[in-house]
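If you want the building blocks of each chain, they are given just below.
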Amino acid sequence: MLIPTLRREWLTNPPRELLAGAVATFALIPEVIAFSFAAGVDPQVGLFGSFVIGIVIAFTGGRPAMVSAAAGSVALVAAPLVASRGLSYLLAAGLLAGLLQIVFGVLRLGVLMRFVSQSVRTGFVNALAILIFAAQMPHLMGEGWQTYAVFAAGLAIIYGVPRLTTVIPSPLVAIALLTVAASLLQLPVKTVADLGLLPSSLPSFAWPTVPLSWETLRIIAGPAVAIAMVGLLESLMTATVVDDLTNTPSHKNRESTGLGIANMAASLFGGIAGCGMIGQTVSNVKYGGRGRLSTLFAGAFLLVLMVALKPWVSQVPVAVLVAIMVMVSVDTFNWSSLKAFVAHPRTSSTVMLATVAVTVVSHNLALGVLVGVLLSGVFFTFKVARLMHVRAELDAATGKLTYHITGQVFFASADAFIEAFDLGAQGEISVRIDVSQAHFWDVTAVAALDKIVGRYRANGIPVEVVGMNQATATIVERLTVHDKERLELSEQ
């Protein structure tokens, strides 16, 4: 079993895997450098982190073909710590964040992804596509016509070459041709060398130079938790997207643990923590990446490009990389969701739009998904609460008033449940509450039933509750202030 798994994950069409990983690498360069600036660190810190994360998670992660590196979401929560305390404290926070992610995976909390609805996932993907596209615009604004010409030529090659051949990914063709053309024609366009200081050597192992004290822990605890949670959320959401793209499952708990190990390793080698990169992952999958070899090569090739091939890579026009990322954003966006917007229920569309809006406005992926999940929960709760019905039936001959309860009784439907009863009834009647078609879920539901029974008792009206299923009877017995005999519970 182990050998077939290794062969499937590592040796399925190696040439295709290497080429797909190379495309993902070039897609990483402008993003990682931009995110490094956003975090307030040198570009080489982001590049070192991306290299180490890519190498380590290829072996430890639970989602083959997924590309992980220094990400903008992590940079946003890391920036305040860097500004106030410096890089050493960021590296220490990365270590702690990695440890928290390992604990998350060991405790098998990846199951929480089941609570993220399809509407939230669609909103997450669409928001990321918009953010990826928007992040490219600063590279084009205010530039000369030559930059736009290179950008347009890049798009033409990227979309045109596949019509002729798919042996070599078209983005690589665009990079090679336009780099040579820009150099020969001496076009006045911005190149990778203009983005910032690139690494000139391999990363080296070093423990963060911070005091080992409770004060240090107090300083890094908050940022570490934020880095861990944001990283987990984006990685697990990206893994879910790849699951859908490839129709293959992934191990979310292993991915969480693998990300933690990778982030700890990145911090120990002087790099910023990171997470799954949906744009680069989609690019990798689009050009044939399906296994761990593409992930490994994306990380390894990044360092080869930045160190061994630095003189050549420095001459790559930024406009070409922008063209690649625009292509990625177009492929990432779920265009079918626009058509489904009208057909889907209004609540689902609202959840999707809210996720997109919050993410785009705040640039905070975690906040956008959190809002989407909360809205999904609220809408679902209201929907289920409305399914609870109470029907009253009076037998004039015996004076017995029977209430038939149907549906789910819980905190959101408990008030409506109480209001359906005539608790002020007087006279020679008895009350029978039939819950054979109902289910009581929580302490609020039990308290509502207890209140109804207690009110009738106080008015001197006999009352019995019949038809409870075993689960409902169990929770009622455990939580009600009355004992079973006084409630006259029955399973009839």
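Rules used in this analysis
- Residue numbers here run from 1 along each chain, matching the order of that chain's written sequence.
- Per-residue local features are limited, in this predicted model, to residues with pLDDT of at least 70; the limit for side-chain atom pairs, both in listing and counting, is 80 or more; totals at the level of whole chains, interfaces and linings are taken over all residues.
- The side-chain quantities take in all heavy atoms of the structure and omit both hydrogens and water.
- What makes a nonpolar core is a set of buried Ala, Val, Leu, Ile, Met, Phe, Trp, Tyr and Cys residues whose side-chain atoms join them at distances within 4.5 Å.
- Think of it in three bands: with a 1.4 Å probe and only protein chains considered, a residue is buried below 20% of the maximum accessible area for its type, exposed above 50%, and partly exposed in between.
- Secondary structure follows DSSP: runs of H or I at least 4 residues long count as helices, runs of E at least 2 residues long count as strands, and numbering of each begins at the N terminus.
- We call two residues in contact when some of their heavy atoms are within 4.5 Å.
- Note on pairing: DSSP must find at least two bridges between two strands before they are called paired.
- Handedness of a crossover is defined as follows: with both strands directed away from the viewer, a clockwise route from the first strand across the helix to the second makes it right-handed.
- A pair is scored as a salt bridge if a Lys or Arg side-chain nitrogen falls within 4 Å of a carboxyl oxygen belonging to Asp or Glu.

Describing the nonpolar core
Where a protein is soluble and globular, its nonpolar side chains tend to be buried together. Formed by 105 residues in total, the largest nonpolar core has its most connected members in Phe26, Ile29, Phe124, Ile278, Met306, Leu321 and Ile324. In terms of residues, this core owes the most to one element, helix H2 (residues 14-39), which gives 12 residues. What isoleucine 324 contacts, discounting residues up to four positions off in sequence, is Ala27, Ile158, Pro171 and Ile175.

Regarding the pairing of strand E5 (residues 430-440)
Along E5, 8 of the 11 residues are buried, which leaves the element largely enclosed by surrounding structure. Relative to E5, strand E4 (residues 400-409) runs parallel, the two sharing 9 bridges. Residue pairing across strands places threonine 402 opposite arginine 432, the latter belonging to E5. Taken together, E4, helix H18 (residues 414-419) and E5 constitute a β-α-β crossover, and its handedness is right-handed. By the bridge criterion, 4 bridges tie E5 to strand E6 (residues 463-466) in an arrangement that is parallel. Considered in E6, the bridge of valine 431 is made with valine 463.

Looking at the pattern of salt bridges
Between side chains of opposite charge, a pair can form when the charged atoms approach closely. In total, this model carries 10 salt bridges according to the counting rule given. For glutamate 464, the salt bridge is made with arginine 432, and the minimal N-O distance between the two is 3.5 Å. On the criterion of sequence distance, the pair formed by glutamate 464 in strand E6 and arginine 432 in strand E5 is long-range, its members being 32 residues apart. For arginine 432, a relative accessible area of 23% gives the class partly exposed. Salt bridges linked by common partners bring Arg63, Asp243 and Lys252 together as one network.

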